[in-house]
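Structure at a glance
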Amino acid sequence: MSAPPNLLQAFEREFGHLPRLIARAPGRVNLLGEHVDYSDGWVLPVAIDRCAWLAASPSQSTEVSIHALDLGESIAFDLKGLEDKLDLAGEDLPAWALYPAGVAWALRHAGHALTGMQCVLTSDVPIGSGLSSSAAIEVAFATAWQALADWQVPPMALAQLCQHAENDYVGVQCGLMDQFCSLHGIRDHALCFDTRTHEWECVPLPAEVSLVIADSGVRRRLGGSAYNQRRAACEQAARLLSERLPNVRALRDVTPSELQEHEQALPPSLRPIAEHVVSECKRVRLGAEVLKAGDAASFGKLMFEGHASLRDLYEVSSPELDALVEIASGIPGCLGARLTGAGFGGCTINLVEAAEASAFVDRLAAEYQRKMDREAMVWISRAVDGAGLVPVSR
Ligand code: ADP
Ligand code: MG
């Protein structure tokens, strides 16, 4: 993939020379395994061809100057004063600048030398749609700093530092999946990731299917409070089940038959919550197996089941996401569809026979418009390699 042409133009306009390097970091879409990461479950994300791009040069000082091209905003801060979250003029950093400043903070805490830099940031990962525009930005900055300061850490460690930045500097309690995927993505593959052990394997995507993403146009509503409430419910369910099943540390340790046997240990309100997580963990493991066997149709069925579980048991869907999945299920060539990301808005992911994919895109957009009186952005996506540097060339 090559960098957007306006990135170099903007860099030259801002700083009067060409950048030393360009870092690229992809967003991601999760094919299966939703709301299971905080139960130590398995997830199956794909790094996508929507990316954050960062053109950067080292500066002679400890100052970091960033031009956010998509926002038309510039900011400068000093690597020596990161704790204060202030810019050079002593003003609070704007929310978007907390991501790069947080990455610098986490890298420095871990003992990595950093250089000041001049940089321009742009990204075509839609913001707040569940495709992880935030992780893409963190990973782009971490990748650039690593290259400019000439040290190297394993990608999993870099992912954890980016997560640390988002958790403890920006203040968002995300898991590791997004940063992991942005760094480890493999072209034409999904990544089956164990969020407890951090073990992972790549799973080839069948060549005859396309990934189609549909952005409902609705940004997450109720996101934070519902997320915290579900998370607490999962922890409580695991605690109650562990009184009967001593090996249970999180819901990922419970099998579907164990849950059935010990359901009485849970108050009725927690049963559907636990059932979603336990069945979703099973779906991910089965999903990885059927994908390895090249069985896209079976994988698609698991996606539909996953959506129904998120809608009916976990209750994190929305009328728009349900409409997208229902419409998709009636379009020829659609093998599977489900909401992806935290829910309450954002995107669906669709598995579609490649030959039907472009007709699918048009029909899904048109029928959604008719049914919901809203515009969806629908596009064919690809699984790409994880973050790295691209040549600086016009
Ligand atoms: P997502 O699900 O897309 O990761 P988040 O709320 O976690 O949503 O992160 C979105 C935030 O990341 C934005 O509010 C902004 O602060 C930052 N961000 C994302 N894309 C850009 C961009 N292109 N330029 C500047 N900041 C961005
Ligand atoms: Mg995010």
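The structure reproduced in this document is the subject of the present report. Predicted, not measured: the structure shown is a model, and the values here were computed from it.

Moving on, we get to the packing of helix α2 (residues 98-109) against helix α4 (residues 155-170). Interhelical geometry of α2 versus α4 gives an angle of 120 degrees and a closest axis separation of 8 Å. The angle between the axes of α2 and α4 places the two elements in the oblique class. For the crossing formed where α2 meets α4, the hand is right-handed. Residues Leu98, Tyr99, Ala101, Gly102, Val103, Trp105, Ala106 and Leu107 of α2 pack against Leu158, Leu161, His164, Ala165, Glu166, Asp168, Tyr169 and Val170 of α4. Here the contact of α2 with α4 is built from residues that sort into twelve nonpolar, two polar and two charged.

Taken together, 14 residues lie near ligand 1, and Asp70, Gly128, Ser133, Ser134 and Ile137 sit nearest. A distance of 2.6 Å separates an oxygen atom of ligand 1 from a polar side-chain atom of Ser133. In the model, an oxygen atom of ligand 1 is placed 2.9 Å from a nitrogen or oxygen of the Ser134 side chain. Contact with the protein chains hides 83% of the accessible area of ligand 1, taken as 570 Å² for the molecule alone. Judged by the fraction of its atoms near the pocket grid, ligand 1 is located in the largest pocket. Across the shell around ligand 1, the residue classes tally to six nonpolar, six polar and two charged.

Thresholds, definitions, all that
Residues numbered from 1 in each chain as written. Chains lettered and ligands numbered in written order. Predicted model: local features only at pLDDT ≥ 70, side-chain atom pairs only at ≥ 80, totals over all residues. Heavy atoms only, no water. Axes fitted to C-alpha atoms, helices over the stretch in contact; angles between N-to-C directions. Helix = DSSP H or I, 4+ residues; strand = E, 2+ residues; numbered from the N terminus. Parallel < 35°, antiparallel > 145°, perpendicular 65-115°, else oblique. Left-handed = near helix turned anticlockwise from the far one by under 90°. Contact = heavy atoms within 4.5 Å. Nonpolar A, V, L, I, M, F, W, Y, C, P; charged D, E, K, R; others polar. Near = heavy atom within 4 Å. Polar contact = N/O pair within 3.5 Å; in protein donor to acceptor, adjacent residues only side chain to side chain. Areas by Shrake-Rupley, 256 points an atom, 1.4 Å probe, with all protein chains shown as cover. 1 Å grid on protein atoms, 1.4 Å probe; cavity = no way out; pocket = protein on both sides within 12 Å on 5 of 7 lines; lining within 4 Å. Sits in = over half its atoms within 2 Å of the grid points.

Purely spatial values, then, with no claim about function.
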